[in-house]
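Structural characterization, general
For reference, the chains in residue letters:
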Amino acid sequence: MDARVMWSAVLLPLLFTPGAAPPPTRPSADFDWQIGDDLGGLPRTVILDTTYSVIENADGSRVATVVNGRVDVRNLKIKPNGVLVIRGPNGCTISATGGIQIDGLIDLRGENNLSVLTLDTTNIPEPGALGGPGGGRGGTGSWRTRRSTEAGGNGFGAFDVVDQGGRGGESGFNHLWPADGDDGHRRPGGGGGGTFGHDFLRPADIVPGYSNPNGCPDQIEIGLDAEAGFSGSPVAAGAITGSMPPPGGSVGPRPFVDGDRTNDFWGTLHTTTGQVIHGELAHPWAGAGGGAGGDAIASNAFPDNPFSPTGDEKGSGGGGGGGCLVLIAQGPIMFGQAGRIDASGGTGGGGENSASGGITHIGGGSGGGSGGHVILGSDDRIDFSRCSTSSNPPGGIYALGGQGGAGRNNLGGAFPGGIPTFPRADALPPNSYPHETAPCGVVAGRAGYVFTNEVGDTSHDFPLVVICAGGDGGPGIIQLHVPTASSIIPPAGAGENIYKMIKPPPVGSIPASGVPSYDRINRPASWDRLDPHELGLQ
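All residue numbers refer to positions counted from 1 along the written sequence of the respective chain. Only residues with pLDDT of 70 or above have their local features reported here, since the model is predicted, and side-chain atom pairs are shown and tallied only from 80 upward, although totals for entire chains, interfaces and linings are computed over all residues. Excluding hydrogens and water, the side-chain figures rest on all heavy atoms present in the structure.

A look at the overall build of the protein chain
Starting at the N terminus, helices and strands are each numbered in turn, a helix being any DSSP run of H or I of at least four residues and a strand any DSSP run of E of at least two. When helices and strands are tallied, the protein chain shows two helices and 24 strands. Looking at the protein chain as a whole, 58% of its 538 residues qualify as buried. By sequence separation, contacts in the protein chain at least 24 residues apart represent 74% of the contacts at least 6 residues apart. Each accessible area is a Shrake-Rupley result for a 1.4 Å probe, and residues are judged covered by the shown protein chains and nothing else. On the protein chain, roughly 19,800 Å² of surface is accessible, and the fraction owed to carbon and sulfur atoms is 55%. Only protein chains enter the calculation, and the probe is 1.4 Å; a residue is then buried if its accessible area is under 20% of its type maximum, exposed if over 50%, and partly exposed in between. Pairs of residues are marked as contacts when any of their non-hydrogen atoms sit within 4.5 Å.

What follows is the structure in structure tokens.
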């Protein structure tokens, strides 16, 4: 991977929907777009809908239309108090004949699922959260309205393709109900996380002597690996399989099908040996939604007869997938101290609570959405020298998966309202429990971790981890295209590096077996062409 030196400038027109409007006009020679101002104070937010929007230039003298997410300008400036929120069914491409300066925020995150907030409404479905621009929706919880739902709905893939997101968790029932009236004994499986990019492994040599022999994903941050939903109660039976406990939903499929991980990107890559690698993606992509949680069925069999529209505790709808953004500039793309692009997936939600009170989550938690696709290309440079991860929120580029929804007793995932936990309280896959002896346990002082994961249930001699929690969404993909290796300017602040500032690390950077100090990434020598006609910018 670190031998690859050239990204080709095969930046063809992006047609995200069939029957799209005619191609946009060539880039304006004098249209400068500015988000925010120099006055400071409260954020100045502009919402761009990728179906159709009208934008105004910096001095308010002109307007321009945006169709299918295509924006053509001379210069783009996101001021420190500027927030550009991009939403809609299409990805977004912004091309600048001049430069792009990012001092504020470009937000293309998938939306969070806020958890099931009602009681006794079994026959009213729980919708999944919307994705970012082009990102898939989360699956729908409790989607049947006239009988119990056998499993949460699957999440949607990029551009809302059906069933290409995380899988729904299986609903659960208790053979001994109603004699055994414990609501917790009906807990179902949680929904699986959406996927796009590959899981990022804990880097070898992150501390001296560590080699990651078990291929463990990096758990220092939520959303660097995609996770299946967690199983339900050990005494509950699955509505489809009859297995005990009801299984959680699996992670969703990735859009790569040829089995060659070296071409899992968009574009054309040249290596130092002259090899040309064509990316498998036909066009820029986006994140996938998480699967919905299963329902806790108030019956001793499935299907239950008669069905009660108030009896089952519902699983939550899934989190939305992160969106798609392509920034192309003939001048530099520069990040200020707090300059940030965020294409992360949305969080899953917690299932319905018991009528007996408390945040118990009897219904299944849902999966988080995956991170989206961010592509930056400059004929000059991409400059992170002033950018800092000590700002709040941190500067940089982020396409992380969203955390899965909380499970039993509000543990292991995002809290109601889409509020994520810290990594130390995030549910981990079964191979991480018990902490001290598991192949991928997260323990302070091991593998460079400075904290120990504090959740998980190993009762019944089976690693159930956090019952009915949703799985985290996986990372997206970030690509940087520049003329030479030295055209990517790393952060200059003490303790800063690309590994901290770009998550997941960009395609073409030193692989996970390398140390996390990427002074040079992607190592591209040049784009093949930068003529606007060749780039499809006309």
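Brief notes about the sheet that holds strand β11 (residues 105-107)
Strands pair, by our definition, only if DSSP identifies at least two bridges between them. Across the sheet, which stays open at both edges, the six strands sit in the order β3-β8-β11-β18-β21-β24 with parallel pairing between neighbours. Each end of this open sheet is capped by a strand with a single partner; those strands are β3 (44-49) and β24 (502-503). Taken together, the three bridges between strand β8 (residues 82-87) and β11 define a ladder with parallel strand orientation. In the strand pairing of β11, Leu84 is matched with Ile106.

What about the pairing of strand β22 (residues 477-481)?
Burial analysis of β22 places five of its five residues in the buried class, the great majority of the element. Neither face of β22 is exposed, since Ile477, Gln479 and His481 on one face and Ile478 and Leu480 on the opposite face are all buried. Examined bridge by bridge, strand β19 (residues 373-378) and β22 share five bridges and lie parallel to one another. Residue Val374 lies in a different strand from β22, and its bridge partner there is Ile478.

What to know about the side chain of Asn353
As for its position among the elements, Asn353 is in the loop between β18 (340-342) and β19. Separated by 3.1 Å, the side chain of Asn353 and the backbone nitrogen of Thr360 make a polar contact. Those residues in contact with Asn353 that sit more than four places away from it in its chain are Leu119, Glu313, Gly358, Ile359, Thr360, His361 and Ile362. The term polar contact refers here to a pair of N or O atoms within 3.5 Å; inside protein, the definition further demands a hydrogen-donor-capable atom paired with an acceptor-capable atom, and it admits residues adjacent in sequence only when both atoms are side-chain atoms.

Here's the deal with the pairing of strand β7 (residues 75-78)
Taking every second residue as pointing to the same face, the buried face of β7 carries Leu76 and Ile78, while none of Asn75 and Lys77 on the other face is buried. Where strand β2 (residues 32-35) lies against β7, four bridges are found, and the strand directions are parallel. Across the sheet, Gln34 pairs through a bridge with Lys77, a residue of β7. For β7 and strand β10 (residues 100-102), the ladder comprises three bridges, and the chain directions are parallel. Looking at β10, one finds that Leu76 is bridged to Ile100.

Description of the state of the cysteines
Count a disulfide wherever a pair of cysteine sulfur atoms falls within 2.5 Å. Taken as a whole and judged by the stated rule, the model has one disulfide. Here Cys216 pairs with Cys440 through a disulfide, and the sulfurs are 2.0 Å apart. The disulfide joining Cys216 to Cys440 has a torsion of about -85° about its S-S bond and is therefore left-handed. Linking Cys216 in the loop between β12 (172-173) and β13 (237-238) with Cys440 in the loop between β21 (396-398) and β22, this pair joins segments that are 224 residues apart in sequence. The same class applies to Cys216 as to Cys440, namely buried. Free of any disulfide, Cys324 has its nearest neighbouring cysteine sulfur in Cys92, separated by 8.3 Å.

Quick notes on the nonpolar core
Counting residues in each nonpolar core, the largest one holds 40 residues, and the members touching the most others are Trp33, Ile341 and Phe384. Look past the residues within four positions of Phe384 in its chain and what remains in contact with it is Phe335, Ile397, Leu480, Ile488, Ile489, Pro490, Pro491, Ile498, Met501 and Ile502. If you look at the next biggest cluster of nonpolar residues, it comprises 13 residues, including Phe230, Ala427, Leu428 and Phe451. Think of a nonpolar core as a cluster: buried Ala, Val, Leu, Ile, Met, Phe, Trp, Tyr and Cys residues, connected wherever their side-chain atoms sit within 4.5 Å.

Some remarks on the packing of aromatic side chains
Stacked, edge-to-face and tilted are the three classes for Phe, Tyr and Trp ring pairs, Trp counted by its six-membered ring, which pair at centre distances within 6.5 Å; planes under 30 degrees apart are stacked, over 60 edge-to-face, the rest tilted. Per the stated rule, a full pass over the model turns up four aromatic pairs. Ring geometry for Phe196 against Phe256: centres 6.2 Å apart, planes inclined by 15°, an arrangement best described as stacked. Remark: Phe256 occurs in the loop between β13 and β14 (268-271) and Phe196 occurs in the loop between β12 and β13; sequence separation between them is 60 residues. Like Phe196, the residue Phe256 is buried in the burial classification. An angle of 20° between the planes, with centres 4.8 Å apart, marks the rings of Phe335 and Phe384 as stacked. Here the residue Phe335 occupies a position in strand β17 (residues 333-335), and Phe384 occupies one in the loop between β20 (382-383) and β21, the gap between them amounting to 49 residues.

Quick look at the side chain of Gln101
By the secondary structure assignment, Gln101 is in strand β10. If we skip the residues at most four places from it in the chain, Gln101 touches Leu76, Lys77, Ile78, Met334, Phe335, Gly336 and Arg386.

Considerations on the sheet that holds β20
If you trace the six strands from one edge of the open sheet to the other, you get β2-β7-β10-β17-β20-β23, paired in parallel fashion. A single partner strand is all that each edge strand has here, and the edge strands are β2 and β23 (488-489). As paired strands, β17 and β20 are joined by two bridges and run parallel to one another. By the bridge assignment for β20, Met334 is matched with Asp383.

What to know about a nonpolar patch on the surface
Patches draw on residues past 30% relative accessible area with no salt bridge. Two like charges within 9 Å are joined, as are two nonpolar side chains (Val, Leu, Ile, Met, Phe, Trp, Tyr) within 5 Å. For this document, the term salt bridge refers to a Lys or Arg side-chain nitrogen within 4 Å of an Asp or Glu carboxyl oxygen. On the surface, a nonpolar cluster with roughly 310 Å² of combined accessible area is contributed by Tyr52, Val54 and Val63. When you line up the elements, Tyr52 lands in strand β4 (residues 52-56).

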